[in-house]
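Listed below are the residues making up each chain.
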Amino acid sequence: PLVMLRAAARRLAPATHATWRIHTRMASMPALAEEPPVQSQPSFPGGEPTGPSMRTSCPGPESERMRAQLGATQETGAVKYFVDMEMSRGNYVVDVDGNRMLDMFSHIASLPIGYNNPRMLDVFRDPANLTWLAHRPALFNLPPAGWAERIQSTLMRVAPPGLTHVTTQMCGSCANENAMKQVYIAVANARRAADGLAGPTPEELESSMVNRAPGAKPYKIMSFHGAFHGRTHGCLSVTHSKPIHKLDVPAYDWPVAPFPKLKYPSADNVDANKAEERRCLDAARALMDADPDVVGLIVEPVQAEGGDNHASPGFFRELRRAASDRGVKFIVDEVQTGCAASGSFWAHEAWELDDPPDAVTFSKKMQIAGYYTKADLVPDEPYRVFNTWMGDPSKVLMLEAVIDCVERDGLIANARETGDALKGGLEALAAAYPGKLMNVRGVGTLVAADLASGAERDRAVKELRAEGVDIAHCGEAAIRCRPGLYFTPEHARVFLDAFDRVLRRM
């Protein structure tokens, strides 16, 4: 089967490219300094291992000992193994038992430039950064000197086109929660102004204190089946991926639209997929038309936790147009897709929207969380969106190192090339093992495929780890690739060779 796979990859790739690599058109990233074309694969600064090395099962005895120790004070059911951070390098994670694995999940897609990247370590060695690392200020009360300049040189340097303001936060859930709050505030102020009111009425102020109308608004955010937006209260009401996230927690009764369930290969299902996207768009329009209290919607470019579900750029353009036509604010959740992994810095840029989103949220690879907005979503007075820290200056220093790596080493173009290698290799595997692997899909390195069942998927994930590849699952039967930005076609080959061995045994 491996010979068949490589032969299929060669048919897909130009002769000058590596076995698993597929040629792709390069596009520049306007928000960043223009990237040089990838002439060769970017090398991890300082070097990294050439492959996995397994000494024990994973988790091994030392991880199990540490799990038992931690279990005395915490719930540890989600712990996979304990990491030896000092020994881990680049794309390879080393556990406390000495097992070295190709890391294709990168701490839930949040480790952007690998383990022990010298450029990141220099952030903490630089004496000029010491005071920012040693103090965690209340940023919206007492920001440090130079904060405005640092925001401009980092967060605004990569701001999505058309969005002029940024608000830092603590995590992805905080970002989504407060972006929704800013929608409510902006809509309420606009409606008061339309009614000739300069501000909230005494009745609104008083009733808000007991959670009653008219001060407590009946506003709603529309979301999509399969979505995951976080675990805070409002975010749970727009999350619909797994019952375990929502069970026993009160939720708002907000409208939920269907998200397209596309068929693959896409080229063989063009008409069916167009019809499916029309069905979902019609349902979304009907939900917005039925309820004037739907003031916003939130959507992921890729429904990651829900199963790595995709839709076409045309779907998102039509959804954006439907929201604009109805005065519904459009929030794009880029917590998992932002920061170069999709083959553009922001995944929604590939949609080529006529009207930019009203808000774009971020976290994970960006190191700091928050959201960008248009000017009309900025709160009208202080303390309407607020917490003690409102982020962390040290994370902006880390983001600066990430952006520098993206620019210097052409990591956006690398994500496109490597994503093509991953998809091409997985498509070859699906052809070699029909009925075992199917529905290969992805943008950039945000690539996924389905196995025949959830049980078969879980077995594949376990056996891949035994082969020295740590990958994650999502949805009912999917595996998903979430490597760091220095993951190249050569790393993809390590994974694909291991997956070939696993599928051969299944």
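For the structure itself, consult the block above.
Residues numbered from 1 in each chain as written. Predicted model: local features only at pLDDT ≥ 70, side-chain atom pairs only at ≥ 80, totals over all residues. Heavy atoms only, no water.

Colleague: Kindly report on the overall build of the chain, identifying the contributing residues and their values.
Modeller: The helix and strand inventory of the chain stands at 16 helices and 14 strands. For the chain, whose C-alpha radius of gyration is 23 Å, the value lies close to the compact-globule estimate of 23 Å for 506 residues. Structurally, the chain occupies a C-alpha span of about 75 × 60 × 50 Å along its principal axes. Across the 506 residues in the chain, those meeting the buried criterion constitute 52%. Accessible surface for the chain amounts to roughly 22000 Å². Of this, 54% is attributable to carbon and sulfur atoms. The centroid of the 56 positive side-chain charges in the chain is displaced by 4 Å from the centroid of its 62 negative side-chain charges. (Helix = DSSP H or I, 4+ residues; strand = E, 2+ residues; numbered from the N terminus. Rg over C-alpha atoms; globule rule 2.2 N^0.38 Å. Buried < 20%, exposed > 50% of the residue type's maximum accessible area, 1.4 Å probe, protein only. Areas by Shrake-Rupley, 256 points an atom, 1.4 Å probe, with all protein chains shown as cover. Lys, Arg positive; Asp, Glu negative; His and termini not counted. Charge placed at Lys NZ, Arg CZ, Asp CG, Glu CD.)

Colleague: Please set out the sheet that holds strand S7 (residues 329-333) residue by residue, giving values where relevant.
Modeller: Spatially, S3-S9-S8-S7-S6-S4-S5 is the arrangement adopted by the seven strands of the open sheet, whose pairing is mixed. On the outer flanks of this sheet lie strand S3 (165-169) and strand S5 (256-257), each paired with one strand and no other. Bridge analysis of strand S8 (residues 359-362) against strand S9 (residues 369-373) gives four bridges, and the strand direction is antiparallel. Residue pairing for S9: Val360 is matched across the bridge by Tyr372. (Pairing = 2+ DSSP bridges.)

Colleague: Outline the pairing of S9, listing residues and values.
Modeller: On a regular strand, each side chain points to the face opposite its neighbour's, so the side chains alternate between the two faces of the sheet. Across the five residues of S9, five count as buried, placing the element largely inside the fold. Between the end of S8 and the start of S9, which pair antiparallel, lie six residues, with Lys364 showing a positive phi angle near 45°.

Colleague: Would you mind going over the packing of aromatic side chains in detail, with residue names and values included?
Modeller: Centre distance and the angle of the planes are the two values used to describe a pair of aromatic rings. In total, this model carries 15 aromatic pairs according to the counting rule given. Between Phe315 and Phe316, the ring centres sit 5.3 Å apart and the planes meet at 80°, which makes this aromatic pair edge-to-face. Within the aromatic cluster, the residues linked to one another by ring pairs are Phe224, Phe259, Phe315, Phe316 and Trp351. Lying over the aromatic face of Trp389, Arg136 brings its terminal NZ or CZ to 3.7 Å of the ring centre. (Phe/Tyr/Trp six-rings, centres within 6.5 Å; stacked < 30°, edge-to-face > 60°. Lys NZ or Arg CZ within 6 Å of the ring centre and 35° of its normal.)

Colleague: Residue-level account of the pattern of salt bridges, with values.
Modeller: Under the counting rule described, the total for this entry stands at 37 salt bridges. Put simply, Arg504 and Asp500 hold a salt bridge, and the shortest N to O gap is 2.7 Å. Here the residue Arg504 and the residue Asp500 both occupy positions in helix H16 (residues 489-505), the gap between them amounting to four residues, near one helical turn. Look at Asp500 and you get buried, because its relative accessible area is 0%. (Salt bridge = Lys/Arg side-chain N within 4 Å of Asp/Glu carboxyl O.)

Colleague: Break down the environment of Asn273 for me, with residues and values.
Modeller: Checked against the element boundaries, Asn273 lands in helix H11 (residues 270-290). Residue classification places Asn273 among the buried positions, given a relative accessible area of 9%. Between the C-alpha atoms of Asn273 and Phe330, which are 57 residues apart in sequence, the distance is 23 Å. Leave out the neighbours within four places in its chain, and Asn273 touches Leu262, Lys263 and Ser266. Here the side chain of Asn273 touches Lys263 through a polar contact of 2.8 Å, landing on its backbone nitrogen. (Contact = heavy atoms within 4.5 Å. Polar contact = N/O pair within 3.5 Å; in protein donor to acceptor, adjacent residues only side chain to side chain.)

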